[in-house]
Amino acid sequence: MRSHAVIFDLGGVVVSWDPRRAYERVLPAEEVATFLERVDFPGWNRLTDGGRSLEEAEQSLIARFPDDREAILGYRVHFDATLTGMVPGTSGLLAELGQAGVRLIALTNWSAETFPVAIERFGILRRFEAIVVSGTEGLLKPEPALYQLALDRHGLSADSTVFIDDIPANVAAAARLGMAALNFTDAERPRADLVGLGLLAAPQPIPEPVFHLAERSAWAEAEAHAGGRLPGAV
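Residues numbered from 1 in each chain as written. Predicted model: local features only at pLDDT ≥ 70, side-chain atom pairs only at ≥ 80, totals over all residues. Heavy atoms only, no water.

1. Some thoughts on the pattern of salt bridges
Part 1 of the argument: On inspection of all chains with the given rule, the structure shows 13 salt bridges.
Part 2 of the argument: Of the charged contacts in the structure, one is a salt bridge between Arg76 and Glu113, with a shortest N-O distance of 4.0 Å. Highlighted residues: Arg76 in helix α5 (residues 69–77) and Glu113 in the loop between β4 (103–108) and α7 (115–121), separated in sequence by 37 residues.
Part 3 of the argument: Of the residues examined, Glu113 reaches a relative accessible area of 41% and is grouped as partly exposed.
Part 4 of the argument: Across the pair Glu137 and Arg153 runs a salt bridge whose closest N-O atoms are separated by 2.8 Å. You can see Glu137 sitting in helix α8 (residues 134–137) and its partner Arg153 sitting in helix α9 (residues 144–153), a full 16 residues away along the chain.
Part 5 of the argument: According to the relative accessible area criterion, Arg153 is partly exposed, its value standing at 45%. (Salt bridge = Lys/Arg side-chain N within 4 Å of Asp/Glu carboxyl O. Helix = DSSP H or I, 4+ residues; strand = E, 2+ residues; numbered from the N terminus. Buried < 20%, exposed > 50% of the residue type's maximum accessible area, 1.4 Å probe, protein only.)

Okay, here's the thing in structure tokens:
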């Protein structure tokens, strides 16, 4: 297969997201899981990902759970805390694809109001030619219309596009539209699939050791964090 574009999901594939981190700023950590279940956080969050304003969504939830007002508002106030870092390995995968001349598009279920926080924090998102945000479009994965919008807007055909997501239902929807759809569990798995699809070259073995220079104090700190698994410094 000769593909010329890869569409990436973002949350859980490029950027790590954990909503509990916001609520831990306003609730005891041991109460967060019960709170999220009681207010049906996944359902509430999906509404904002689909285009509902945060204020409207918050007020609707506060009307049902008035005693939880502070916690409900805490998600938006502390949203930055939910973005816990980059998913290991994906940055390198994006770099390889870019160097190979493959077009990079992102398609994410994300609130239009909170997405600018991610853009500001993560320079890696600038690697994408374009990012289609569900909250802006008023459509959600796995709705076929959102995938088709991404394809049409950027002049892509399904049979020449690879789609990568960590949610099986989203992957299945892309496959039904004719894309080569890959389920993301870690960066190594899609890389191997992309090699098979002809977008990337197979990794070349390193024939001899690679040495790095570092100050002894910096090496000692890194070794301590690695639990003593680093080779000895010279």
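Structure's up, so let's keep going.
2. A word on the layout of surface pockets
Part 1 of the argument: Its volume calculated, the largest pocket comes out at about 480 Å³.
Part 2 of the argument: Forming the boundary of the largest pocket are 23 residues, of which Trp17, Asn45, Asp49, Asn109 and Ile167 lie nearest the centre.
Part 3 of the argument: The element best represented in the lining of the largest pocket is helix α3 (residues 41–49), accounting for 5 residues.
Part 4 of the argument: Of the residues that constitute the lining of the largest pocket, the class distribution is 8 nonpolar, 9 polar and 6 charged. (1 Å grid on protein atoms, 1.4 Å probe; cavity = no way out; pocket = protein on both sides within 12 Å on 5 of 7 lines; lining within 4 Å. Points joined across faces, edges and corners; volume = space filled by probe spheres on them. Nonpolar A, V, L, I, M, F, W, Y, C, P; charged D, E, K, R; others polar.)

3. Observations concerning the sheet that holds β4
Part 1 of the argument: With parallel pairing, 5 strands are arranged side by side in an open sheet as β5-β4-β1-β6-β7. At either end of the open sheet lies a strand with only one pairing partner, and these are β5 (130–133) and β7 (180–183). Taken over all neighbouring pairs, the strand axes of this sheet differ in orientation by 20 degrees on average, direction set aside.
Part 2 of the argument: Relative to β7, strand β6 (residues 161–165) runs parallel, the two being bridged by 4 bridges. Within β7, the position partnered with Ile164 by the bridge is Leu182.
Part 3 of the argument: Against the sheet, helix α6 (residues 90–99) touches β1 (5–8) and β4, its axis set at about 160 degrees to β1.
Part 4 of the argument: Across the sheet, helix α11 (residues 188–196) is in contact with β1, β6 and β7; its angle to β7 comes to roughly 155 degrees. (Pairing = 2+ DSSP bridges. Axes fitted to C-alpha atoms, helices over the stretch in contact; angles between N-to-C directions. Contact = heavy atoms within 4.5 Å.)

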